Every structure is written in C-alpha cells, then in structure tokens.
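# Secondary and tertiary structure notes
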Amino acid sequence: MKSKILLLEDDLNLSETVCEYFEEHGFDVVCVYDGDEAISAIYENSFDLLLLDVNVPNKNGFDVLKEIRKEKNSVPAIFTTSLNSMDSLEEGYLSGCDDYIRKPFELKELLFRVQTILKREFAHKNDVINITPDITFNSISNELKHNDEEIKLNLKELKLLKLFLQHPNELLVHDRIYDYVWDYDEEYSDNSLRTYIKNLRKILGKDKIVSLKKLGYRFNQ
C-alpha cells in the first residue's frame with residue numbers, strides 16, 4: 001500500500017514538481033495550497049507524513065502543525081521553508097515537527113528524509129498486532145491470522161482493517177473511510193462499505209466495529 005503524503009506548498013510550480021517526483025517514487029500525494037486547506041485535508045484523511053511549507057496563506061505551516069498537535073495528531077511532519085534564522089528553526093521544532101529542510105533543496109534529499117522518518121515510524125510500531133487472543137495482524141506482511149491460519153481479505157477489506165487498526169477507539173466518519181479505502185478515480189459505495197464491515201465483523205466479532213448512526217464507525221481495541 002502506498003504511503004500517503006500531504007504537501008502544503010503555495011508555489012504552484014514547486015508543488016507540481018515535488019508531487020510528480022514523489023508519485024514517481026511510489027507515494028500517494030495530496031496537494032494543498034494554504035493553511036486552512038491543510039487543516040481540512042488532515043481531518044478528512046489519514047496521512048503517513050506531512051510536508052509543510054511555512055509561509056503560506058491564511059494559516060502558516062507552524063500554526064497548522066500546532067493546531068493538529070493540540071488534537072493529539074502525531075503524524076510525522078517535515079517543514080520546508082526559506083526561513084533560515086535560529087528562531088525559525090526553534091519555532092519549527094517546538095511546534096512539533098520531526099525534521100526541517102531549507103529551500104532551495106534537492107528533491108533527492110527530501111526523499112531521503114521522508115523515507116528515513118517513515119522507516120523510523122514503522123520500526124516503532126509493533127509488527128504483529130493482537131486484535132483478539134486468537135486473531136493477529138502483521139502490519140508488514142498484511143497477514144491476518146486466526147490461530148496461525150491465514151484469513152484472506154480482499155484489497156478494500158484489508159485497507160479498511162488497516163485504517164481501523166491505525167485509529168483504534170476513534171470515530172472514523174464515512175467520508176474519511178471512503179477517501180482512504182477507495183482510490184480517487186473510483187466511485188465509493190455505501191452498500192459495499194456495509195458489506196466490508198459485515199465481513200470484518202464475522203471475522204473479528206460484532207463488538208469490534210461499532211456503527212455510530214449517520215456518523216461513521218469506531219473500532220474497539
């Protein structure tokens with residue numbers, strides 16, 4: 001599954017260049033151009049990493065990250081900025097970033113920094129997640145097992161399960177699920193989602209996935 005990145009950059013040419021480069025290297029990139037758009041996108045999607053320019057319209061990159069950190073969102077973030085003072089560097093790290101790269105930068109260096117952070121994040125997570133005493137999920141091999149016997153899931157069921165496991169005990173609204181599970185060029189289906197939920201409940205137990213009427217679903221860890 002592709003790692004999903006949010007790119008906040010108001011320079012259209014640079015945004016397009018970075019987006020194309022990362023997509024060529026196997027990433028899924030969502031581009032936004034001001035701070036308010038960034039906040040909306042973060043609340044509506046599940047990202048693996050944020051690339052945030054600082055000097056953008058409406059709400060600067062520092063404030064964007066401060067706001068989501070207050071909401072306990074710990075997604076890794078890298079600031080990209082032409083600011084070069086120590087005060088700016090300090091503000092960036094105090095706002096909760098994981099790295100800071102000054103413009104102009106080499107695309108390859110930015111890629112290395114992104115890959116390093118994602119590997120670190122992955123390494124910090126337990127590879128095998130115990131969903132129930134009998135059911136485990138390996139986040140590297142994507143294997144779901146019941147008493148060591150593999151359970152086959154289709155791609156969308158797998159993506160839905162991973163989304164739930166990444167956000168246990170959290171309300172996931174319908175739009176967020178559709179955006180994560182369905183590709184941008186696919187038309188989502190309410191009936192299909194209900195079918196995927198039903199299939200996962202058969203495997204994991206009815207109480208694991210709670211439906212919150214007209215809002216979304218919550219996975220009970």
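The structure this text deals with has already been given above.
Anyway, here's the lowdown on the structure attached to this text. In this text the structure is predicted, and so the values were computed from the model without any measurement.

### Side note on the overall build of the protein
Scanning the protein from N- to C-terminus turns up eight helices and twelve strands. Computed over its C-alpha atoms, the radius of gyration of the protein comes to 19 Å, within 12% of the 17 Å expected for a compact globule of 221 residues. Each principal axis of the C-alpha atoms in the protein carries an extent, and together these give about 55 × 35 × 30 Å. Taking all 221 residues of the protein together, the buried fraction comes to 41%. Taking the contacts inside the protein whose residues are at least 6 apart along the sequence as the reference set, 55% of them involve residues at least 24 apart. Charge separation in the protein, taken as the distance between the mean sites of 29 positive and 41 negative side-chain charges, equals 8 Å.

### Section: empty space enclosed by the protein
Evaluation of the coordinates by the stated rule reveals one cavity of 30 Å³ or more. Estimates place the volume of the largest cavity at around 40 Å³. Taken together, L7, E9, L14, V18, T80, F105 and L110 make up the full set of residues lining the largest cavity. By residue class, the composition of the lining of the largest cavity is five nonpolar, one polar and one charged.

### A short note on unusual backbone geometry
Cis geometry is adopted by the peptide bond preceding P104, which originates at K103 and carries an omega value of -10 degrees. We note that N169 has phi near 60 degrees; this positive angle belongs to a residue other than glycine. Classification of N169 as partly exposed rests on a relative accessible area of 46%.

### Comments concerning a nonpolar patch on the surface
A grouping of L171, V173 and L215 is seen on the molecular surface, where their side chains present a nonpolar patch of about 220 Å² in accessible area. Looking at the secondary structure, you find L215 in the loop between β11 (209-212) and β12 (216-219).

### Regarding the pairing of strand β2 (residues 28-32)
Note: strand β1 (residues 4-8) against β2, five bridges, orientation parallel. Bridge assignment links K4 to a residue of β2, and that residue is D28. Following the backbone out of β1, through helix α1 (residues 12-24) and into the adjacent parallel β2, one traces a crossover that is right-handed.

### Quick notes on the packing of helix α6 (residues 155-166) against helix α8 (residues 190-204)
Running from N to C, α6 and α8 cross one another at 70 degrees; their axes reach a closest spacing of 10 Å. What the angle tells us is that α6 and α8 run roughly perpendicular. For α6 against α8, the interelement crossing comes out right-handed. Seen from α6, the contacting residues are K156, E157, L160, L161 and F164; seen from α8, they are L193, Y196, I197, N199, L200 and L204. For the contact of α6 with α8, the class distribution of residues is eight nonpolar, one polar and two charged.

### Notes on the packing of aromatic side chains
Scanning the model with the defined rule gives eight aromatic pairs in all. With 5.3 Å between their ring centres and 65 degrees between their planes, F22 and F27 make a pair best called edge-to-face. Considered together, F22 and F27 belong to a single accessibility category, that of buried residues. Ring plane angle 40 degrees and centroid distance 6.0 Å describe the contact between W182 and Y196, whose orientation is recorded as tilted. Taken together, the residues span a long stretch of sequence, with W182 in the loop between α7 (174-181) and α8 and Y196 in helix α8 at a distance of 14 residues. Considered together, W182 and Y196 belong to a single accessibility category, that of buried residues. What links up through ring pairs into an aromatic cluster is the set Y178, W182, Y188 and Y196. For the cation-ring pair, K4 lies above F47, with the distance from its terminal atom to the ring centre recorded as 5.7 Å.

Parameters and conventions
Residues numbered from 1 in each chain as written. Predicted model: local features only at pLDDT ≥ 70, side-chain atom pairs only at ≥ 80, totals over all residues. Heavy atoms only, no water. Helix = DSSP H or I, 4+ residues; strand = E, 2+ residues; numbered from the N terminus. Rg over C-alpha atoms; globule rule 2.2 N^0.38 Å. Buried < 20%, exposed > 50% of the residue type's maximum accessible area, 1.4 Å probe, protein only. Contact = heavy atoms within 4.5 Å. Lys, Arg positive; Asp, Glu negative; His and termini not counted. Charge placed at Lys NZ, Arg CZ, Asp CG, Glu CD. 1 Å grid on protein atoms, 1.4 Å probe; cavity = no way out; pocket = protein on both sides within 12 Å on 5 of 7 lines; lining within 4 Å. Points joined across faces, edges and corners; volume = space filled by probe spheres on them. Nonpolar A, V, L, I, M, F, W, Y, C, P; charged D, E, K, R; others polar. Patch = residues over 30% accessible without salt bridge, like charges linked within 9 Å, V, L, I, M, F, W, Y side chains within 5 Å. Areas by Shrake-Rupley, 256 points an atom, 1.4 Å probe, with all protein chains shown as cover. Salt bridge = Lys/Arg side-chain N within 4 Å of Asp/Glu carboxyl O. Pairing = 2+ DSSP bridges. Right-handed = clockwise from strand over helix to strand, strands pointing away. Axes fitted to C-alpha atoms, helices over the stretch in contact; angles between N-to-C directions. Parallel < 35°, antiparallel > 145°, perpendicular 65-115°, else oblique. Left-handed = near helix turned anticlockwise from the far one by under 90°. Phe/Tyr/Trp six-rings, centres within 6.5 Å; stacked < 30°, edge-to-face > 60°. Lys NZ or Arg CZ within 6 Å of the ring centre and 35° of its normal.

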